[in-house]
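Descriptive analysis of the structure
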Amino acid sequence: MTPTSWLLFIVYLALLLALAYPLGRLIARVADPKPLPLSSVLEKPLYRLAGVKAGEGMSWSTYAISVLVFNLIGAVFVYGIQRLQNLLPLNPQNMAAVTADSAFNTSVSFVTNTNWQGYGGEATMSYLTQMLALAVQNYFSAATGIAVMFVLIRAFVARSAKTLGNFWVDLTRVTVYVLLPMSIVFAVFLVSQGVVQNFSAYKEVSTIEKVVYQQPKIGPDGQPMKDAKGESVMEEATAATQTLPMGPAASQIAIKQLGTNGGGFFNVNSAHPYENPTPLSNFAELFAILLIPAALCFTFGDMVRDKRQGIALLAAMTAIFVAASLATMHFEQQGNPRIAALHVDQVTSSAQTGGNMEGKEVRFGVDTSALWAVVTTAASNGSVNAMHDSFTPLGGAVPMLMMQLGEVVFGGVGSGLYGMLIFALMTVFIAGLMIGRTPEYLGKKIESFEIKMISIAILVTPLLVLVGTAIALMTEAGRAGIANPGAHGFSEVLYALSSAANNNGSAFAGLSANTPFYNTLLGIAMWFGRFAIIIPVLAIAGSLSAKKRLEVTAGTMPTHGPLFIVLLIGTVLIVGALTYIPALALGPVVEHLQLVGTTVTSAKAGQ
Amino acid sequence: MKTYLRPALVLFVLLTFITGVAYPLLITGLGQALFPAQASGSLVERDGKPVGSSLIGQAFSAPKYFWSRPSATSPMPNNGSSSGGSNLGPTNTALVDAVQGRIDALQKADPDNKQLIPIDLVTASASGLDPHISIAAAQYQASRIASTRKIPVEKVNALIEQTQEVAVLGFLGEPRVNVLAINLALDAIKL
């Protein structure tokens, strides 16, 4: 860690925590059924047209069905727009209809807040698909996550209640009062930095110098020609122009970061200069990713009328986040020992950022690329400003582990906090076993039904990740997608499944995942990784809300002190990470040892 | 089921209109009004004709120009319509081979230059469109450009000094030079 990276990290963390507090209070106000300002303009007309009775509460099962119906409509709509985009307007590049398997995968991906991208935006999607299908789901999936979290929190506060709020009201309010105003401000800021926002066709400019390159020769049949050995015949070609992609990008990127979605407008996501043009835009986007997830901890404290409870969860998240960030920044600053052996300079100085620069951008350097990798995987954002596939083995292992913890270190908007609350319930259960008392959290007894639901919510992702990885590695179609040889190739598959099942969406992008096999496998993992957790969470809320709230006594285990924070971190690490240690040993750990091994050998050779 | 379908469908349509039509149109209007150049791609012109974008890197291979970072896009480098990184893993021998190949090309173009080569000049960028190189990577190329253009190396170094950008507030941004900008400035030098 250099002084600059310390400064960057401390400023980032301090700003984040300082702004999360007021925002968290505001979101708590939105969760409260009391009327909001401007509601006769912003809210009520929508309810009238939709036939929603805003004051009418829902049981947990009605809420769950509403969530599912709304998200299913979204999935069908996103699929349909992609399949028909060639016939629809706002398609200046004449993009063809997206293939069925890719459209299925992308539809599930955006509805589940994963935003895994099997496609490359600037070469696949029309402007209409981007704004009307994909950007909209950025809003809806984020609002769904926050709404489900509201329900779980209300369950702790409720005293023998039957209803838990109204999904339609929560959805509308979060969209209109929280996500939309923040996105408008952020999008305009992004345009000021250079993020494109227009509906023009791609621009063709004559470059300063012509580029001579090799491309596969196309035969008379329209297929690439092959020589006698079956290898492609190459021919020389010259390009005198460069195509600059355009589109309504800023509006989509603002909500992509604020809603922990992460689906890029362009193929390389936030590494693309038109998505993330300057160090300032980079810092602001980094900030936007964690802002709402951090704020929701304060929302929680506010709603349960005990700020310390929210701060305890935030402290546990922050502790894991700090350790992970420092580790990744350290590993990436070290650079690649195999390349260090060549005639290059990897040392950080005032004239260069140095370190492991493969797959990174100069304007971000190693520090903010490494920090971004942790931020984006701590939150279930999944946007990238550097190529994770080219990270050092341990630098890349940390983001993978952050996802495997279940996306609870900040996590997705809403989903991160309800995930962390599940771990908090697990923690009081384990602590209860140790001292022989019925576990309780915020005055609610945790009993057999809750523990069953908690177990489902915690076990469903490891099941999807490990079984999915096994299936991919045992099938020809799964192995065919691997780009890098050896242990790193295994990491690519493990990363993909970890990302999909935990609704993150980042990738070791060497993996060729836009195939019917991966589109289907990852689509299934994303769907169940989202809704096989949401339903148990809502069921727990239903069960808890019906219970009486017990008074705090001398025998109650406090859930706001350092002891609880340490126990919670321990539970997240043990329950969340232990499952994956064997798999991680086969991927990043082996690869790290191979890298270290090379240096030792070459050092000996030099003696 | 009807109790679910009506609110679901109506709210889906209304909120889709708000977030998927009104919102992007509003941002386009605001963006084009307040920051027209940025919203349209930050184009750079020479003699009244657009020659690129200050944000999108171009490929240079002539010895008289500063070279951009290696680009892994296909089929040609710096392909603006298909961004991408190499995605080569750290232990992949193809990575070491590619880096060695770029070192050889740089040394062949400037055989007397024995300095260590800054890492960003021999590794592929994330986007394949990186508009910048590090200040060190620009300084490394100064001798080649000076001898090709037959101008004093001090003049090239002074140009790097003028064009370079450094961290703001001590942590925002990395030491860098915009390659298109400095190459246009090179061409504009009057002898």
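Residues numbered from 1 in each chain as written. Chains lettered and ligands numbered in written order. Predicted model: local features only at pLDDT ≥ 70, side-chain atom pairs only at ≥ 80, totals over all residues. Heavy atoms only, no water.

**Points about the overall build of chain A**
This is how it is decided: Secondary structure elements follow DSSP: runs of H or I no shorter than four residues count as helices, runs of E no shorter than two count as strands, and numbering proceeds from the N terminus. We take the radius of gyration over the C-alpha atoms and set the globule estimate at 2.2 Å times the residue count to the 0.38 power. Here's how the labels work: a residue is buried when its accessible area is under 20% of the maximum for its type, exposed when over 50%, partly exposed in between, all with a 1.4 Å probe on protein chains only.
Looking only at helices and strands, one finds 21 helices and 5 strands in chain A. Its C-alpha radius of gyration of 25 Å places chain A within 12% of the 25 Å reference for a compact globule of 607 residues. Taken along the three principal axes of its C-alpha coordinates, chain A extends 80 × 65 × 50 Å. A burial count over chain A gives 63% of its 607 residues as buried.

**Some thoughts on the overall build of chain B**
Let me state the cut-off plainly: Contacts were defined at the residue level, with two residues in contact if any of their heavy atoms lie within 4.5 Å.
Per the secondary structure count, chain B includes 6 helices and 5 strands. Helices (α) and strands (β) of chain B occur, in sequence order from the N terminus, as α-α-β-β-α-β-β-α-α-β-α. Computed over its C-alpha atoms, the radius of gyration of chain B comes to 22 Å, more than 25% above the 16 Å expected for a compact globule of 191 residues. The burial tally for chain B puts 55% of its 191 residues in the buried class. Partitioning the contacts of chain B with sequence separation of at least 6, the portion at a separation of at least 24 is 58%.

**Some words on the domain arrangement of chain A**
Test applied: Domain delimitation in this document rests on an assignment produced automatically or drawn from a domain database.
The assigned domain composition of chain A is domain 1 (203-244) and domain 2 (413-598). The C-alpha-based centres of domain 1 of chain A and domain 2 of chain A are spaced at 46 Å.

**Remarks on the packing of aromatic side chains**
Selection rule: Any two of the Phe, Tyr and Trp rings considered here, Trp counted by its six-membered ring, make a pair once their centres fall within 6.5 Å; the pair's planes then place it as stacked at under 30 degrees, edge-to-face at over 60, or tilted in between. Distance and angle both matter: a charge sits over a ring if NZ of Lys or CZ of Arg is within 6 Å of the ring centre and within 35 degrees of the ring normal.
By the definition in use, this model includes 23 aromatic pairs over all chains. Plain terms: the ring middles of Phe186 of chain A and Phe189 of chain A are 6.3 Å apart, the flat faces sit at 10 degrees to each other, and that makes the pair stacked. Residue Phe186 of chain A and its partner Phe189 of chain A are both found in helix α8 (residues 167-193); the two are separated by 3 residues, about one turn of the helix. Members of the aromatic cluster, joined through ring pairs, are Tyr63, Phe70, Phe77, Phe140, Phe167 and Trp168 of chain A together with Phe12 of chain B. Stacked on the ring of Phe391 of chain A, the Lys or Arg Lys360 of chain A has its end atom at 4.1 Å from the ring centre. Taking the ring centre of Trp67 of chain B as reference, the NZ or CZ of Arg144 of chain B above it sits at 4.1 Å.

**What to know about helix α1 (residues 2-34) of chain B**
Going by this rule: By definition here, a helix of n residues has an expected span of 1.5 Å times n minus one. Here the bend at a residue is taken as the angle between two axes, fitted respectively to the seven residues that end there and the seven that start there.
An ideal rise of 1.5 Å per residue puts 48 Å on 33 residues; α1 of chain B measures up with 46 Å between its terminal C-alpha atoms. A maximum bend of about 30 degrees is found in α1 of chain B at Ala22 of chain B, where proline Pro24 of chain B lies one to four positions downstream.

**Points about the interface of chain A and chain B**
Interface size, as often reported, equals the accessible area lost upon joining of the parts. Applicable threshold: The buried area of a pairing is the accessible area, by a 1.4 Å probe, that goes missing from both parts when the two are put together, added over both. The salt bridge definition used is simple: a Lys or Arg side-chain nitrogen within 4 Å of an Asp or Glu carboxyl oxygen. In protein, a polar contact means a hydrogen-donor-capable atom and an acceptor-capable atom, both N or O and within 3.5 Å, with residues adjacent in sequence counting only if both atoms are side-chain atoms; elsewhere, any N or O pair within 3.5 Å suffices. Three residue categories are used. Nonpolar comprises Ala, Val, Leu, Ile, Met, Phe, Trp, Tyr, Cys and Pro, charged comprises Asp, Glu, Lys and Arg, and polar comprises the others, including Gly. The pairing criterion for strands is at least two bridges between them, as found by DSSP.
Contacts between the two partners involve 114 residues from chain A, matched on the other side by 107 residues from chain B. Of the roughly 8,800 Å² buried at the junction of chain A and chain B (both faces included), carbon and sulfur atoms supply 69%. The tally of links between chain A and chain B comes to 0 salt bridges. In this assembly, chain A and chain B are joined by 42 residue pairs in polar contact (both at pLDDT 80 or more). Sort the elements by how many residues they give to the side of chain A that touches chain B and α8 of chain A lands first, with 12 residues. Per-class residue counts for the side of chain A that touches chain B are 62 nonpolar, 40 polar and 12 charged. With 2 bridges joining them, strand β3 (residues 344-345) of chain A and strand β3 (residues 117-118) of chain B adopt parallel strand pairing. Directly across from Val344 of chain A, in β3 of chain B, lies its bridge partner Ile117 of chain B.

**Regarding empty space enclosed by the protein**
Residue and element names in this part refer to chain A. Rules: Only protein atoms enter the 1 Å grid used here. Points where a 1.4 Å probe fits but cannot escape make up a cavity, open sets with protein on both sides within 12 Å along at least five of seven lines make up a pocket, and a residue lines them when an atom lies within 4 Å of a point. Grid points are joined across faces, edges and corners, and a volume is the space filled by probe spheres set on the points.
One pass over the full model with this rule turns up 6 cavities of 30 Å³ or more. Taken as a whole, the largest cavity encloses approximately 330 Å³ of empty space. Together, 27 residues line the largest cavity, and Gly406, Ala457, Thr461, Asn502 and Ile533 are the ones closest to its centre. Those elements that provide at least two residues to the lining of the largest cavity are α15 (415-435), α16 (448-474), α19 (516-545) and α20 (562-578). Ranked by residue count, the leading element in the lining of the largest cavity is α15, at 5 residues. The class makeup of the residues in the lining of the largest cavity is 12 nonpolar, 13 polar and 2 charged. Approximately 80 Å³ is the volume attributed to the second largest cavity. Considering the residues around the second largest cavity, the lining is formed by Val428, Ala431, Gly432, Ile435, Arg437, Thr438, Pro439, Glu440, Gly555, Thr556 and Met557. In terms of residue count, α15 provides more of the lining of the second largest cavity than any other element does, 4 residues in total.

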